[in-house]
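Here is what each chain is made of, one letter per residue.
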Amino acid sequence: MEEEDESLEKLLKWAAEMGITDSTIQNPSRSRNCLGHSLTVSHFPEAGGRGLAAARDLTKGELILRVPKTALFTTECLLKSDQKRSLAVNRHLFLSPSQILIVCLLYEVGKGKSSRWYTYLMLLPRCYEILATFGPFEKQALQVDDAIWAAEKAVSKAESEWKQAIKLMEELKLKPQLLSFKAWLWASATVSSRTMHISWDEAGCLCPVGDLFNYAAPGEGEESNIGIEDVEGWMPAPCLPKGDTTDVLDSEKFNGHLRRLTDGRFEEDVNSYCFYARNNYKRGEQVLLSYGTYTNLELLEHYGFLLNENPNDKVFISLEPGMYSCCSWPRESQYIDQNGKPSFALLSALRLWMTPANQRRSVGHLAYSGHQLSVDNEISVMKWLSNNSRVMLNSLPTSKEEDALLLCAIDKIQDIYTAMELKKVLSDFGGEVCTFLENYGVQCRQRGAKLSLSRKTKLSMQRWKLAIQWRLRYKKTLADCISYCDYTVNCLLNDNVPTGRIK
Ligand SMILES: C[S@@+](CC[C@H](N)C(=O)[O-])C[C@H]1O[C@@H](n2cnc3c(N)ncnc32)[C@H](O)[C@@H]1O
């Protein structure tokens, strides 16, 4: 811990030398530490670990951090500073901007202390939990086919991108350990989870100190919702879903000045990445940013975490092909939201589908504008949704309750010291716990023996836990959908429901 504090102090000193500052003054005299005026580094075990806290009361819209362009880790600046690297990269321009940034990052790591970025690179996380790092056991623990498929795709994409880039890395004479797939995964997870949007490179940039802000979903915990343009300011390398503009405020209602002054973005006029408080914060509170609107699966894929309360989470329910074709809503707009309610598009598609084909044309305008078509139609829709959610839920190998117990068991295992204690957990929970421990060669033969889980096992356990948290959240959404639909059907049958409630 002391070592970490020392490295952090070095980082903040290095950052001050690079011109990074949280001072509100335009040209502050260079201090020894780049933070302290508006922000401090702190730990938030429940929301992202290391992060940034308000060093004083902050007001929404205030400038809180400035990172000059010269301090940004971009492909452009790395190629400019190193002709050998630039010539080699120019022979491999078929690689994507992200692949090139990943290679540049590994190359810079290989320079060790002679890298201008050494102090910054030393403080990057050593390991990540993004989907591409999931092993076969953790992938299967997701249980839901779409999620397993997303994890498999993430792993195979990372692997094929690494293979495509190997020749360039060999030409750059990277050390063998930096040529490995493990090193590639580390660098690509760094790029995926820490880069910010810049207009001149679609790979984005690494932004020292600015990348210490943890995430809050847009809209969550804010005084007012933010618009899509606010979200774009902090765009990580993976594409920001641009379709969701439901939060965009009426521009007349929104103070234009304030709109510009939220979140983070590169500002040409000051040639710096600027971060603004998107909320009022009390001293000591964690200052959070939105990286974009992501479902939990997308958060896992790109950032290696998920939110128990995620207003952007979605559960997709499989519809018959005819259901998709009976309306013009895109598939991605037809989902169950995290509190169990069908999305506007799903509801209107189901209302149309439940209408006899020869009558659909005449009621189309009502369905598309979100109206209930008839009580019978609404009951059929709700029953269909409830039954299908139940079928999906029952097809999964474990229940919500079992998953919740399993999460407790994992917490217990993480605190276990002896093989005896482990035996106790195994006898209580068995099943998946046994399979995990067997997979990682953890044994509990000697009664009093001290149990030592390897670093690799602990990391896998962390990923396994994320997979279970993900599937549990998924099941809760389906269960909430069943309750919502059953409640609505009951109300409709009893004919005492206010119409607003159904919509
Ligand atoms: C841009 S970095 C933020 C700083 C990071 N905590 C650090 O120590 O360097 C993004 C990473 O922080 C973590 N993170 C950010 N927000 C989080 C949240 N709300 N809950 C859990 N982890 C979060 C995730 O590991 C994510 O990949």
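Residues numbered from 1 in each chain as written. Predicted model: local features only at pLDDT ≥ 70, side-chain atom pairs only at ≥ 80, totals over all residues.

Per an unreviewed UniProt entry, the chain goes by the name SET domain-containing protein and belongs to Citrus clementina.

*Asks:* Explain the overall build of the chain here, please?
*Replies:* When its secondary structure is counted, the chain shows 21 helices and 11 strands. Sorting the 503 residues of the chain into buried and exposed places 37% on the buried side. Considering only contacts within the chain whose residues lie at least 6 apart along the sequence, 69% involve residues at least 24 apart. (Helix = DSSP H or I, 4+ residues; strand = E, 2+ residues; numbered from the N terminus. Buried ≥ 20, exposed ≤ 12 C-beta atoms within 10 Å, placed from the backbone. Contact = placed C-beta atoms within 7 Å.)

*Asks:* Which parts of the structure should I look at to understand unusual backbone geometry?
*Replies:* Even without being a glycine, Val 209 presents a positive backbone phi close to 70°. Looking at where Val 209 falls in the secondary structure, it is placed in the loop between strand S5 (201-206) and strand S6 (214-215). Overall, the presence of 28 C-beta atoms within 10 Å leaves Val 209 in the buried class. If you check the backbone angles, Asn 271 has positive phi at about 50° while not being a glycine.

*Asks:* So what exactly am I meant to see when it comes to helix H20 (residues 455-494) here?
*Replies:* Because an α-helix packs 3.6 residues into every turn, residues spaced three or four apart end up facing the same way. In this model, H20 (40 residues) spans 58 Å end to end at C-alpha, consistent with the 58 Å of a helix rising 1.5 Å per residue. Directly beyond the C-terminal end of H20, a positive phi value near 55° is found at Asp 495. (Expected span 1.5 Å × (residues − 1).)

*Asks:* Please clarify how the sheet that holds strand S7 (residues 263-267) should be interpreted in this entry.
*Replies:* Paired through their backbone hydrogen bonds, the strands of a sheet run either parallel or antiparallel. If you walk across this open sheet you meet the 3 strands as S3-S8-S7, and the pairing is antiparallel. Unpaired on one side and paired on the other, strand S3 (63-68) and S7 mark the two borders of the sheet. Mean inter-strand twist for the sheet, computed between neighbouring axes without regard to direction, equals 20°. Sheet topology places S7 next to strand S8 (residues 272-276); 5 bridges connect them, and they run antiparallel. When the bridges of S8 are listed, Glu 267 appears paired with Ser 272. (Pairing = 2+ DSSP bridges. Axes fitted to C-alpha atoms, helices over the stretch in contact; angles between N-to-C directions.)

*Asks:* Before we go on, may I ask you to explain the site of the ligand in this structure?
*Replies:* The full set close to the ligand counts 15 residues, and Gly 48, Arg 50, Ser 193, Asn 214 and Tyr 215 are the nearest of them. Secondary-structure elements contributing two or more residues to the shell around the ligand are strand S2 (49-54), helix H9 (181-194) and S6. The dominant element in the shell around the ligand, judged by the number of residues it contributes, is S2, at 3 residues. Taken together, the residues of the shell around the ligand sort by class into 6 nonpolar, 6 polar and 3 charged. In this structure, the shell around the ligand is formed jointly by two domains, domain 1 (2-72 + 209-303) and domain 2 (75-205), each of which donates at least three residues. (Near = placed C-beta within 6 Å. Nonpolar A, V, L, I, M, F, W, Y, C, P; charged D, E, K, R; others polar. Domains from an automatic or database assignment.)

*Asks:* Help me understand the nonpolar core, please; the structure alone is not making it clear to me.
*Replies:* One broad rule of soluble globular proteins: the nonpolar side chains tend to lie buried together. In terms of nonpolar packing, the biggest core is built from 114 residues, with Leu 106 and Val 287 touching the most fellow members. Per element, the largest residue contribution to this core is 12 residues, and it comes from H20. Other than its neighbours up to four places away in sequence, Leu 106 contacts Met 169, Leu 174, Leu 178, Ala 183 and Ala 187. (Core = buried A, V, L, I, M, F, W, Y, C linked by C-beta atoms within 7 Å.)

*Asks:* How should I be thinking about the packing of helix H16 (residues 375-394) against H20 in this particular structure?
*Replies:* Packed helix pairs are specified by the crossing angle of their axes together with the interaxial distance, meaning the distance between the axes. Direction vectors running N to C along H16 and H20 enclose 155°, while the axes themselves pass 9 Å from each other. Considered as vectors, H16 and H20 are oriented roughly antiparallel to each other. Crossing handedness for the pair H16 and H20: left-handed. For the pair formed by H16 and H20, the contact residues are Val 375, Glu 378, Ile 379, Met 382, Lys 383, Leu 385, Ser 386, Ser 389, Arg 390, Met 392 and Leu 393 on the first element and Lys 475, Leu 478, Ala 479, Cys 481, Ile 482, Cys 485, Asp 486, Thr 488, Val 489 and Leu 492 on the second. When the residues that make up the contact of H16 with H20 are grouped by side-chain class, the tally is 13 nonpolar, 3 polar and 5 charged. (Parallel < 35°, antiparallel > 145°, perpendicular 65-115°, else oblique. Left-handed = near helix turned anticlockwise from the far one by under 90°.)

*Asks:* Would you explain the pairing of S5 in this entry?
*Replies:* Along a regular strand, successive side chains alternate from one face of the sheet to the other. As paired strands, strand S4 (residues 195-198) and S5 are joined by 3 bridges and run antiparallel to one another. The residue of S5 that forms the bridge with Ile 198 is Asp 201. The hairpin formed by S4 and S5 contains 2 residues between the paired strands.

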